[in-house]
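Here is what each chain is made of, one letter per residue.
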Amino acid sequence: MNIIRNIKTFFAKDEFLKYLFISPLILIIVLIILYPFVLSFFYSFTNKAVGTSHINFIGFQNYISLIRDSIFRKTTYNSLIYVIGTVGGKLIIGLVIALILNQKIIGKNLMRGISFVPWLIPTFIVMFMFRWFFDNTFGIVNEVIVKLGLNPEPIMWLSHPIISKFVVIIVSIWKGIPFFIISILAGLQGVPLDLYDAVSIDGGSWWARFRHITIPHIKGVVFLISVMSIVWTLNDFESVFLLTGGGPNHHTEIFSTLTYTTAFNFGSLGKAISVSIFMMPFLGFLIYLTTRNIYKQQEYF
Amino acid sequence: MTSIKIKRYIFLFFMYLIILFWMFVVLFPLFWALSTSFKANIYNDLMSFIPKEFTLENYKELIIEQQFFKHYGNSLFVALVTVILSVFFSLMGSYSITRMKFKGRKTLGTSILFCYLIPAPVLAIPLYIILSQLNLINSYTGLILTFLAGTVPFCSWLFIGYLSTVPREIEEAALVDGCNRWGIIFRIVFPLIKPAIVTVVIYSFVLAWSNFLYPLIFITDQEKQLLPITLMTFVLTDNYAWGPLMAGALLVALPVVILFAFLQKYVIQGITLGGVKG
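Structural notes, computed from the coordinates.

**Some thoughts on the overall build of chain A**
In step 1: Secondary structure assignment for chain A yields 15 helices and zero strands.
In step 2: Over its C-alpha atoms chain A spans a radius of gyration of 25 Å, topping by over 25% the 19 Å that the globule rule assigns to 301 residues.
In step 3: Considering only C-alpha atoms, chain A reaches an extent of 80 × 55 × 35 Å along its principal axes.
In step 4: Buried residues in chain A amount to 53% of all 301 residues.
In step 5: A sequence separation of at least 24 residues applies to 66% of the contacts in chain A between residues at least 6 apart.
In step 6: For chain A, the centre of its 22 positive side-chain charges and the centre of its 13 negative side-chain charges are spaced 6 Å apart.

Set out below in structure tokens:
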């Protein structure tokens, strides 16, 4: 009887419960995130392929063959362009829209609501919509361009080597701007209004107010969301995969789509993992920057 | 004086011009998808904004011939299980971290943040290898586990942030009165942090509902497939069924937009809490 009661009190005790409560969280972190993460380094040195359990260690061969591969070099260049174009565009347009939505304008709440809409729509749906929008033969964009005589023939939006890059970037910007608007708007709420009045009285211009009051107040937020956005954009798979599939001739291929095709069209899992490991040092640095910044702003522990 | 006034009007003019143009850029593609989904003959009716001949044929084809609702059900099931498990696991974990004495909780906090920032595509292939070894390819168990890897770190982070702002006096009083830890979590803490719970529910629902890469890789059986991949097969077929595709796109976006419309306040609060705090 005593033993049973002892066991019962043990299970109700904090000493036991705190480990019980935390264990699903720890198991998920360790088994489904950290273990696969570490495992990927291991597999990048093997010739692991789809459908076989037999693997050989091949040293740095995956990495060497990637560096020699012109498609991989093209992919690196594209990823860079994609990240710079997308994050830069989101930042500039997002900042302008957020600043306007922070003014006293007619229909402010409605406009704020509307400007969040792209963020609500699942990415793959956005890509379907724009694929139809920019369709080479039947898309509305080409219809308008040809009917208005802006260009005598339809533009190959999704299959032109250079134009397709722009389209992918523009669509990603469309999808990602609301996050910037919401975050910058939240940052702008922290700017004390009497500061603006002070500068106005001193005869400061719009630009002076922006430079000396607004920017210092939202600098932290803007930096943080930009870094996070770089991480996400660098790993944005669906946008490119569904819009162009990396084509034409790899002109819109980025790391994540190349990883996918290497793994599932060619079956070389080991080599595919090496592709994503190439961006790991850069990714690690960005994650470190984000973590440090969030810790600076939030004192939870 | 007048020159300042003129300057002000020019400034206002450009401000409204930019914002109205942006509203157009946001709304037009959506409107176009809506309009396409009701068109009887898309290729003869390319330029008209309002369909010349209004029809529900596209929706009918989608629902009857493509078994759309079956896949809708699959997605809904996976999303709901993901939501419930995410809330449960994250709440327990973050309660333990913030309220019970714990060695190494700072390390744990950092690793939660780190895990939140690891992008899903980086984990996709090692997870694929692990799931095939465990024979969990094509199973919802495997898929939901991988979704949890995406939701639980963010949700725990949000809860930790939220819990640390909630005063502990009520919980301590309840503890003294003999309420056990389970009672405290579900009767006291749960109602107190409702806004955070709403955010977590929406975040996990949207993640599971709209994740594209994981079902693409981990589910190969067409019968079990989730919505995103089922809809993709429309685009990849030769005849490009744009009408039904747009109809499907709108039906998929609908639950998310409705969820958001009702819970907007909490979501915005959640985003600004979760990643960024101005």
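**With respect to the interface of chain B and chain A**
In step 1: Contact residues are listed per partner, giving 97 residues for chain B and 96 residues for chain A.
In step 2: Between chain B and chain A, the buried area comes to about 9100 Å², and carbon and sulfur atoms account for 84% of it.
In step 3: Counting across the interface, chain B meets chain A through zero salt bridges.
In step 4: Summed over the shared surface of chain B and chain A, the result is six residue pairs in polar contact (both at pLDDT 80 or more).
In step 5: Counting residues per element, the side of chain B that touches chain A draws most heavily on helix H1 (residues 2-37) of chain B, at 17 residues.

**Brief notes about the packing of helix H14 (residues 269-278) of chain A against helix H5 (residues 120-133) of chain B**
In step 1: Relative orientation of the contacting elements H14 of chain A and H5 of chain B amounts to 150 degrees, with a least axis distance of 9 Å. What the angle tells us is that H14 of chain A and H5 of chain B run roughly antiparallel. When H14 of chain A is examined against H5 of chain B, the residues Leu-269, Ala-272 and Ile-273 of chain A are found in contact with a partner set consisting of Ile-125, Pro-126, Tyr-128 and Ile-129 of chain B.
In step 2: Grouping the amino acids of the contact of H14 of chain A with H5 of chain B by side-chain chemistry returns seven nonpolar, no polar and no charged.

**Regarding the environment of Ser-256 of chain A**
In step 1: Within the secondary structure, Ser-256 of chain A is located in helix H13 (residues 255-264).
In step 2: What makes Ser-256 of chain A buried here is its relative accessible area of 5%.
In step 3: For the pair Ser-256 of chain A and Thr-75 of chain A, spaced 181 residues apart in sequence, the C-alpha to C-alpha distance is 9.6 Å.
In step 4: In this structure Ser-256 of chain A touches Leu-234, Asn-235, Asp-236 and Phe-237 of chain A together with Pro-121 of chain B, once residues within four positions along its chain are discounted.
In step 5: Polar contacts involving the side chain of Ser-256 of chain A include one to the main-chain carbonyl oxygen of Asp-236 of chain A, which spans 3.1 Å.

**Notes on the pattern of salt bridges**
Between side chains of opposite charge, a pair can form when the charged atoms approach closely.
In step 1: Within this structure, the stated rule accounts for four salt bridges over all chains.
In step 2: Of the charged contacts, one joins Glu-143 of chain A and Lys-147 of chain A as a salt bridge, the two residues approaching to 3.1 Å between their closest N and O atoms. Note that Glu-143 of chain A and Lys-147 of chain A are positioned in helix H8 (residues 140-147) at a spacing of four residues, about one turn of the helix.
In step 3: You can call Glu-143 of chain A buried: its relative accessible area is 15%.
In step 4: Notably, a salt bridge pairs Lys-60 of chain B with Glu-57 of chain B, separated by 3.9 Å at the nearest N-O pair. With a gap of three residues between them, Lys-60 of chain B and Glu-57 of chain B both fall in helix H2 (residues 57-65), about one helical turn apart.
In step 5: A relative accessible area of 46% places Lys-60 of chain B in the partly exposed class.

**Things to note about the packing of aromatic side chains**
In step 1: Overall, the coordinates contain 49 aromatic pairs over all chains when judged by the stated rule.
In step 2: A ring pair is formed by Phe-72 of chain A and Phe-255 of chain A, whose centres lie 5.9 Å apart and whose planes are at 50 degrees; its orientation type is tilted. Residue Phe-72 of chain A is found in helix H4 (residues 70-101), and its partner Phe-255 of chain A is found in helix H13; the two are separated by 183 residues along the sequence.
In step 3: Assessed through its relative accessible area of 6%, Phe-72 of chain A is described here as buried.
In step 4: Between Phe-237 of chain A and Phe-212 of chain B, the ring centres sit 6.4 Å apart and the planes meet at 35 degrees, which makes this aromatic pair tilted. Separated into two different chains, Phe-237 of chain A in the loop between helix H11 (206-234) and helix H12 (238-243) and Phe-212 of chain B in the loop between helix H9 (194-210) and helix H10 (213-218) make up a pair that spans both.
In step 5: Since its relative accessible area comes to 0%, Phe-212 of chain B is described here as buried.
In step 6: Ring pairing ties together the aromatic residues Phe-130, Phe-133, Phe-134, Trp-157 and Trp-174 of chain A together with Phe-24, Phe-28, Phe-31 and Trp-32 of chain B, which thus form one cluster.

**Some remarks on the side chain of Thr-230 of chain B**
Residue and element names in this part refer to chain B.
In step 1: Take Thr-230: it is sitting in helix H11 (residues 227-236).
In step 2: In terms of polar contacts, Thr-230 uses its side chain to reach the backbone carbonyl oxygen of Leu-226, at 2.9 Å.
In step 3: Here Thr-230 is in contact with His-71 and Gln-225, once residues within four sequence places are set aside.

**Quick notes on the environment of Gln-66 of chain B**
In step 1: Inspection of the secondary structure puts Gln-66 of chain B in the loop between H2 and helix H3 (68-99).
In step 2: It is 28 Å that separates the C-alpha atoms of Gln-66 of chain B and Ala-124 of chain B, two residues lying 58 residues apart in sequence.

**Observations concerning helix H3 (residues 61-68) of chain A**
Residues and elements named next belong to chain A.
In step 1: Listed as buried for H3 are Asn-62, Tyr-63 and Leu-66. Viewed along the axis of H3, the buried residues span an arc of 95 degrees, placing them on a single side of the element. Residues of H3 that are exposed and angled more than 90 degrees away from the buried face: Gln-61 and Arg-68.
In step 2: As for H3, its buried residues are in contact with helix H2 (14-43), H4 and H14.

**A word on unusual backbone geometry**
In step 1: Unlike most non-glycine residues, Asn-249 of chain A shows phi in positive territory, near 45 degrees.
In step 2: With respect to the helices and strands, Asn-249 of chain A occurs in the loop between H12 and H13.

**Observations regarding the environment of Ile-22 of chain A**
In step 1: As for its placement among the helices and strands, Ile-22 of chain A is situated in helix H2.
In step 2: The buried category is assigned to Ile-22 of chain A, whose relative accessible area is 2%.
In step 3: Not counting the four nearest positions on each side in its chain, Ile-22 of chain A is found in contact with Gly-93, Ser-96, Ile-97, Phe-102 and Leu-108 of chain B.

Parameters and conventions
Residues numbered from 1 in each chain as written. Chains lettered and ligands numbered in written order. Predicted model: local features only at pLDDT ≥ 70, side-chain atom pairs only at ≥ 80, totals over all residues. Heavy atoms only, no water. Helix = DSSP H or I, 4+ residues; strand = E, 2+ residues; numbered from the N terminus. Rg over C-alpha atoms; globule rule 2.2 N^0.38 Å. Buried < 20%, exposed > 50% of the residue type's maximum accessible area, 1.4 Å probe, protein only. Contact = heavy atoms within 4.5 Å. Lys, Arg positive; Asp, Glu negative; His and termini not counted. Charge placed at Lys NZ, Arg CZ, Asp CG, Glu CD. Buried area = accessible area lost by both parts, 1.4 Å probe. Salt bridge = Lys/Arg side-chain N within 4 Å of Asp/Glu carboxyl O. Polar contact = N/O pair within 3.5 Å; in protein donor to acceptor, adjacent residues only side chain to side chain. Axes fitted to C-alpha atoms, helices over the stretch in contact; angles between N-to-C directions. Parallel < 35°, antiparallel > 145°, perpendicular 65-115°, else oblique. Nonpolar A, V, L, I, M, F, W, Y, C, P; charged D, E, K, R; others polar. Phe/Tyr/Trp six-rings, centres within 6.5 Å; stacked < 30°, edge-to-face > 60°. Arc of directions from axis to C-beta.

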